[in-house]
Amino acid sequence: MRTAQLHHTFIVSALTTNGAFFTEDQFLTWFHAKSINGSYTVKQIPFSELQNWHFNPDTGDLAHDSGKFFTVHGLSIKTNYPKDLYWEQPIIYQPEIGILGILTKTFDGIPHFLMQAKMEPGNINMVQLSPTLQATKSNYTQIHKGKLPLYFEYFKDRARGKIIIDQLQSEQGARYFNKRNRNMIVAIEDDIEVHEDFCWLTLGQIKKLLCYDNLVNMDSRTVLAGIQFFDWENLGAVSHVIDGSSVELFGRRLEGFKYDLYISLVEKDKTLHSFDDLISWFTHLKSSCDVLVKRIPLNSVQKWSKDAYEIRHDSHHYFSVMAVEAQAHNREVSFWTQPLLKHFSHGIVGFLVAKINGVLHFLVEARMCPGYLDLIEMGPTVSCSEADRRVQTNMAPPFFEY
């Protein structure tokens, strides 16, 4: 199947909420069983009980004995964007590029996506719906001396399937330094074994599952967000606007906000800004701001203190660096210890949308984070940690009140 045809059928998948294998209720029963029947434990431990990790005696940096995985070091940041600021913080340095990959296959004419019920030690509810493959380079090169991640061969060998998405995307720039992942979607025709903890879902099923708290993990959302739904040249052949307030798309009628989203996705002539203007605006901001980011020893970071259990800010806000001991019966390694970041309260991530020229527009922010390779990236209208404290201390970002 040509890539353009797949883009069209991805729309059908997005409009299909009962797949070839699960209804929503059947999936939730399956997922709940995976969550409660698995042998998973995570507990905080003192730094002294970390295995194969050490603090550098000179810099205080926290690193793995192999020199792989990641390092926690210090960072100093001086910037005039969006205003004059200076601060220091710990940050995770993980220069290797991981893979976030999802396999897709067509069943009964509808693309399904192979998703995984995966345990991560930092998850609120331990198990979340993850991509087919979610692995750092240290994982898939088996530095841990454990098993190779399942389905890795489909993302390593380009001849095994048709690559639909293959792009580098940044990790959270406030917590990771220059970290990127390779986001991939690979379409296959082979009949493959569906291993334990994996299942095929339509895009419509996954979209519905986004409505459940803490179920679909961030990596799944990131990969699926890269899907392009249309072959623009042949769009008229698959859609028909009925009365200016609804559209028929592949036999499905879209109304209300769904219709608004559809028009926003396909309209090219009524945009507030041209694509060239957007790129120029973004390039101007990146080239005109001053940001000096410098790596410093972890033991010299100002206003941060270390005890036996945590490295935390003196205000007890933001986040801390801690250590955990984890067990999972179905991971490549069943027992391990590692450093982990702990946040003290919830954040808020949100878009404002408004109709301009009759077309829904999304308000984006050119956001600076010290860990981004280009320092500034486009993000949501609001993206901030510690939402409650920011309100109480009058430090909320613009548009937060919405």
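Before going into details, it helps to say that this report is about the structure given with it. (Residues numbered from 1 in each chain as written. Predicted model: local features only at pLDDT ≥ 70, side-chain atom pairs only at ≥ 80, totals over all residues. Heavy atoms only, no water.)

### Things to note about the overall build of the chain
Here is step 1: The number of helices and strands found in the chain is nine helices and 27 strands.
Here is step 2: The C-alpha atoms of the chain give 23 Å as radius of gyration, which agrees with the globular expectation for 402 residues (21 Å, within 12%).
Here is step 3: The dimensions of the chain, computed from C-alpha atoms along their principal axes, are 65 × 50 × 40 Å.
Here is step 4: Burial statistics for the chain: of 402 residues in total, 46% are counted as buried.
Here is step 5: Considering only contacts in the chain between residues 6 or more positions apart, those separated by 24 or more positions represent 66%.
Here is step 6: Here the chain has roughly 21,000 Å² of accessible surface; of this, 50% comes from carbon and sulfur atoms.
Here is step 7: Where the 39 positive side-chain charges of the chain centre and where its 45 negative ones centre are 3 Å apart. (Helix = DSSP H or I, 4+ residues; strand = E, 2+ residues; numbered from the N terminus. Rg over C-alpha atoms; globule rule 2.2 N^0.38 Å. Buried < 20%, exposed > 50% of the residue type's maximum accessible area, 1.4 Å probe, protein only. Contact = heavy atoms within 4.5 Å. Areas by Shrake-Rupley, 256 points an atom, 1.4 Å probe, with all protein chains shown as cover. Lys, Arg positive; Asp, Glu negative; His and termini not counted. Charge placed at Lys NZ, Arg CZ, Asp CG, Glu CD.)

### A few points about a nonpolar patch on the surface
Here is step 1: A grouping of Phe-257, Leu-261, Leu-278, Trp-281, Phe-351, Val-353, Phe-362, Val-364 and Met-378 is seen on the molecular surface, where their side chains present a nonpolar patch of about 770 Å² in accessible area.
Here is step 2: Put simply, the parts of the chain that give the nonpolar patch at least two residues each are helix 7 (256-266) and helix 8 (275-288). (Patch = residues over 30% accessible without salt bridge, like charges linked within 9 Å, V, L, I, M, F, W, Y side chains within 5 Å. Salt bridge = Lys/Arg side-chain N within 4 Å of Asp/Glu carboxyl O.)

### Some remarks on unusual backbone geometry
Here is step 1: At the junction of Tyr-81 and Pro-82, the peptide bond is cis and its omega measures out at 0° in the coordinates.
Here is step 2: Counting through the fold element by element, Pro-82 comes out in the loop between strand 4 (71-79) and strand 5 (85-93).
Here is step 3: A positive phi angle, near 60°, is found at Phe-69, a position not held by glycine.
Here is step 4: Mapping Phe-69 onto the fold places it in the loop between strand 3 (62-64) and strand 4.
Here is step 5: A relative accessible area of 14% places Phe-69 in the buried class.
Here is step 6: With phi around 55°, Asn-357 is a residue other than glycine that occupies positive phi space.
Here is step 7: The topology assignment puts Asn-357 in the loop between strand 23 (352-356) and strand 24 (359-363).

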